[in-house]
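Architecture at a glance
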Amino acid sequence: MELFGNLWLGLQVAFTLQNLTYCFIGTLLGTMIGVLPGLGPAATIAMLLPATFVLPPIASLIMLAGIYYGASYGGSTTAILINVPGESSSIVTALDGHQMARQGRAGPALATAAIGSFFAGSVATLIIALFAPVLAEVALKFGPAEYFSLMVLGLIASVVLASGSLVKALAMIVLGLLLGLVGSDVNSGTPRYTFGFPELADGIGFIGVAMGMFGIGEVIRNLENETTRSSLVQKITSLMPSREDFRMMWKPIVRGTALGSILGILPGGGALLSAFASYSMEKKLAKDPSRFGKGAIEGVAGPESANNAGAQTSFIPMLTLGIPSNPVMALMIGAMIIQGIQPGPQVMTGKPDLFWGLIVSMWLGNAMLVILNLPLVGIWVRLLRVPYHLLFPAILVFCSIGVYSLNNATFDIYIMAVFTVLGYVLVKLECEPAPLLLGYILGPMMEEYLRRAMLLSRGDPMVFIERPISGVMLAAAVLAMASVLLPAFKKTREEALKEE
Amino acid sequence: MMVRNTKDLLSGLFFVACGAFFVLVGQDYTFGSARRMGPGYFPTVLGVILVVLGIVVTLRTVKMVPKDESEWAWRPLLINCVGIIIFGFIVRGAGLIPAVFILAMISARASARFRLVPSLLLAAGLAVFSHFTFVKGLGLPFPPFGTWFGY
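Let me sum up the structure you'll find in this document. (Residues numbered from 1 in each chain as written. Chains lettered and ligands numbered in written order. Predicted model: local features only at pLDDT ≥ 70, side-chain atom pairs only at ≥ 80, totals over all residues. Heavy atoms only, no water.)

What about the overall build of chain A?
Per the secondary structure count, chain A includes 22 helices and two strands. Overall, the C-alpha framework of chain A stretches about 70 × 50 × 45 Å when taken along its three principal axes. The proportion of buried residues among the 500 residues of chain A is 64%. Here chain A has roughly 18,200 Å² of accessible surface; of this, 67% comes from carbon and sulfur atoms. (Helix = DSSP H or I, 4+ residues; strand = E, 2+ residues; numbered from the N terminus. Buried < 20%, exposed > 50% of the residue type's maximum accessible area, 1.4 Å probe, protein only. Areas by Shrake-Rupley, 256 points an atom, 1.4 Å probe, with all protein chains shown as cover.)

With respect to the interface of chain B and chain A
In this complex, chain B contributes 63 residues to the contact, which on the side of chain A involves 66 residues. Taken together, the two surfaces of chain B and chain A that pack against each other cover about 5,900 Å², and 78% of this comes from carbon and sulfur. Joining chain B to chain A, the criterion identifies two salt bridges. Its salt-bridge partner being lysine 168 of chain A, residue aspartate 8 of chain B comes within 2.6 Å of it at the nearest N-O pair. On inspection of chain B and its partner chain A, the count reaches eleven residue pairs in polar contact (both at pLDDT 80 or more). For the side of chain B that touches chain A, the secondary-structure elements that each account for two or more residues are helix H1 (6–26), helix H2 (41–59), helix H3 (74–94), helix H4 (96–108) and helix H5 (116–137) of chain B. Residues belonging to the side of chain B that touches chain A are distributed by class as follows: 45 nonpolar, ten polar and eight charged. (Contact = heavy atoms within 4.5 Å. Buried area = accessible area lost by both parts, 1.4 Å probe. Salt bridge = Lys/Arg side-chain N within 4 Å of Asp/Glu carboxyl O. Polar contact = N/O pair within 3.5 Å; in protein donor to acceptor, adjacent residues only side chain to side chain. Nonpolar A, V, L, I, M, F, W, Y, C, P; charged D, E, K, R; others polar.)

Details of empty space enclosed by the protein
All names here are of chain A. This model, assessed by the stated rule, comprises two cavities of 30 Å³ or more. Estimated volume of the largest cavity: approximately 50 Å³. Lining the largest cavity are Tyr69, Ser72, Tyr73, Ser76, Ser117, Glu304, Asn307, Asn308 and Leu369. Elements supplying a minimum of two residues to the lining of the largest cavity: helix H4 (57–82) and helix H12 (298–313). When residues in the lining of the largest cavity are grouped by element, the largest group, four residues, is from H4. Grouping the constituent residues of the lining of the largest cavity by class yields three nonpolar, five polar and one charged. Approximately 30 Å³ is the volume attributed to the second largest cavity. (1 Å grid on protein atoms, 1.4 Å probe; cavity = no way out; pocket = protein on both sides within 12 Å on 5 of 7 lines; lining within 4 Å. Points joined across faces, edges and corners; volume = space filled by probe spheres on them.)

Re the pattern of salt bridges
All names here are of chain A. All chains considered together, the criterion is met by 13 salt bridges over all chains. Between arginine 192 and aspartate 185 there is a salt bridge, and its shortest N-O distance comes to 3.8 Å. Judged by relative accessible area, which is 2%, aspartate 185 ranks as buried. Close ionic contact of aspartate 185 with arginine 451 constitutes a salt bridge, the shortest N to O distance being 2.8 Å. You can see aspartate 185 sitting in the loop between strand S1 (183–184) and strand S2 (191–192) and its partner arginine 451 sitting in helix H19 (residues 434–456), a full 266 residues away along the chain. Residue classification places arginine 451 among the buried residues on the basis of a relative accessible area of 6%. Taken together, the salt bridges that share partners define one network made up of Asp185, Arg192, Glu447 and Arg451.

Some details on the environment of threonine 112 of chain A
All names here are of chain A. Tracing the backbone through its elements, the reader meets threonine 112 in helix H6 (residues 106–140). On the basis of relative accessible area, threonine 112 is assigned to the buried category, the value being 0%. Through-space distance from the C-alpha of threonine 112 to that of serine 305 is 9.4 Å; in sequence the pair is 193 residues apart. Within polar-contact distance, the side chain of threonine 112 engages the backbone oxygen of proline 108 at 2.6 Å.

Regarding unusual backbone geometry
Residues and elements named next belong to chain A. With a phi angle near 50 degrees, tyrosine 193 is a residue other than glycine that sits in the positive phi range. With respect to the helices, strands and loops of the structure, tyrosine 193 is situated in the loop between S2 and helix H9 (206–222). For glutamate 430, which is not a glycine, the phi torsion comes out positive at approximately 65 degrees. Summarising the element assignment, glutamate 430 is placed in the loop between helix H18 (410–428) and H19. Of the residues examined, glutamate 430 reaches a relative accessible area of 45% and is grouped as partly exposed.

A look at the packing of aromatic side chains
Enumeration according to the criterion identifies 23 aromatic pairs over all chains in this entry. Centroid distance tyrosine 147 of chain A to tyrosine 449 of chain A: 4.8 Å. Interplanar angle 15 degrees. Geometry classified as stacked. Taken together, the residues span a long stretch of sequence, with tyrosine 147 of chain A in helix H7 (residues 144–160) and tyrosine 449 of chain A in helix H19 at a distance of 302 residues. Exposure class is identical for tyrosine 147 of chain A and tyrosine 449 of chain A. Each is buried. Here phenylalanine 197 of chain A and phenylalanine 411 of chain A contribute two aromatic rings whose centre-to-centre distance is 5.5 Å and whose plane-to-plane angle is 45 degrees, an arrangement assigned as tilted. Of this pair, phenylalanine 197 of chain A sits in the loop between S2 and H9 while phenylalanine 411 of chain A sits in helix H18, and the two are 214 residues apart along the sequence. Overall, phenylalanine 411 of chain A belongs to the buried group, its relative accessible area being 16%. The ring of tryptophan 72 of chain B carries the charged tip of lysine 428 of chain A above its face, separated from the ring centre by 5.9 Å. One Lys or Arg, arginine 109 of chain B, reaches over the ring of phenylalanine 114 of chain B and ends 4.8 Å from the middle of that ring. (Phe/Tyr/Trp six-rings, centres within 6.5 Å; stacked < 30°, edge-to-face > 60°. Lys NZ or Arg CZ within 6 Å of the ring centre and 35° of its normal.)

The following block contains the structure:
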C-alpha cells in the first residue's frame, strides 16, 4: 500500500528530535498565546511567523501548524472559562461550554473539548492522507485556464460562506488582488504602483500586511471598550467527565467530525461553518432541545469536534491546490512562499518528505494538545488573568521586532503601521479583512494564469468556458453567487451565521 | 433610531477611490491585448470592477439601518501607530533596547488604564526579554545599543 509507505516516510520525518521539538514548541506557544484574551489563531500565527523563518522549511511548517491548533484550542478554553471566544468558531463552544463552567463543570467541559478535538483531528488527518494525493493527482493535470477558474471559484465561495455583505466582501477581494499586484511585473519587469520606492519592487511585504490587519488591528479593536472585559474565571475542580458524560458525548463527536471534515474542504467553510452546522444538528437530534444553551455537553462535544476537523481538512485545498480557504491558510501559503516553496500539487511529488512529515506531525500535534492542555490547564487559567493593558504593549513590541527582523528593513515596519490603520478603518466600516488577505495572496498567481491561458487560446476568453473542468468551476462560482441572492438561501445563510 | 447607512456610503466611496486610483496610475503601463496582456491590463480591469462594486455599495446607503453605537478607538489607533513608526525610525540608530523601551512606553498610553510605574517596569522587562530572546536566543543581528550611543 502506497499510503503506508507515505505515512512511514512522514513518521520518519516527524519523529526526528528537531521536528518533534518544534511541533511541541508550536502547540505550546500557540495555546499560550491563544488563551491570552483577544488573540485569535490568525493574529497568533501572524505574530509568531517571523520566529519560524530561521528554521528549515519542514520544521517551520510543522511549528506553524502546531501554533494553529494550539491557538484554536486556546480559543475554546477562553470561550468555556470566561465566555470570550478567541475566534469566531469558538462562539458556539461558548454557548454551552460557559454554561457548564458556571455550573461548576468547567473541567469536564474542557476535557470534552480536548477529547473531541483529538478524535476529530486524528480522523481528519487520515482523511488528508487519503484524499490529498488523489486531489493533487487531478490538480497536476490542470492547465492555466483551470487554475484561473479554480481561484475565481475559491474566492467567490469564501465570501458566500462567510458572514456579512456580499458586495463589500467582493470589493475587498478585488482590492486585495490589486494590492497583490504591486511590485515588479513578472513578464516585463515593469515596476507597478511602486512610486519610486525600491522597497516595493518585490511587492508589499506580506508580513507587514498580515500583522497590521490581524495582529495590531485586533489590539486596537480590543482597546475600544476595555472596561467591559469580565475577568471572572470559573474554578476548575475535577477534569474527568463522568461515565454518563462519555455516553452522551461520543455520538456528537463522531457526527461533528464527519460534518467538519466535509465542510472544511470547501473554500471559506472551515472551522466556523462546521461548528455552527454541528451545533444546530445536535440541537435538532437531541431528545430535549431545551437543554441547549444551558450547559448541554453535546453542545460542546459536537461543535468542538467539527471545528477541529474543519480546521484540519482546510489544509487539503491549501496543500494540494495552493488555494487558501481562510486567513490562516493564507498565512501558511505566505510562509511557504517566504521559505521558497511554491504551494500547489507539485509540493507532494517534489517534496514528499515535507508533505507527509507535515501530515504526520498534525496528528502528533493533536496528541500533544491533549497531553499538554489537560494537566497545564491551571497555568492557562492564570494567563487568562493577565490584564490587557499590560499585554498589548508586549504584542506591539513582538510584532514590530518580528516584522523588522524578516529583512532588517524599517520599511516593513511602516507598511505594518499603514495596514493597521487600513485594517481598523475597514473593520469599522463593516468590511471584513479576511477576503482582502485571500485576494492579496492570490493576486499575482491569478494574473499569471490569466495571461498564460489567454496566450494559449490566442486571446479567446471562451477557453475558460470551453474547457470542461474550468467551465464547471466557473458555473459553480456563478451558482454560488446566485444562491446568495435567492431569498430562501439568504434567510438560511443569515440564520446559520447569526451569532446567538 | 434609524439612520442612513453611512458605513456603506464611506466604504463604497473608498472602494471607488481605490479603483479609480489603480486605473489612473495603471494607464502609465503598457495595456497590451487580450492575447498578450501588458502590465497594465489586469490592474486596469480589476480597478474598473472595484469602481463598479464601490458604486453598488454606495447606492445601497439609502437603506435605513439601526444607529450603530460602537465607538471608534481613534486615540489607541493613533498612539499605537505613532509608537510603531517611531520604533522604525530609531531601531537602527538607538539600538534594540531603547527602541523596545520607547515603543512599550508610548503604546501603554493607548490604554485608559495607563499607570506610570507598572508601564515602566513592563517596558524595561520587555526590552531585556527581547534582547535575550531575539538577539541571544534566535541570533538576530540587532545591536542592543546603536550608533547614536557610539556602538
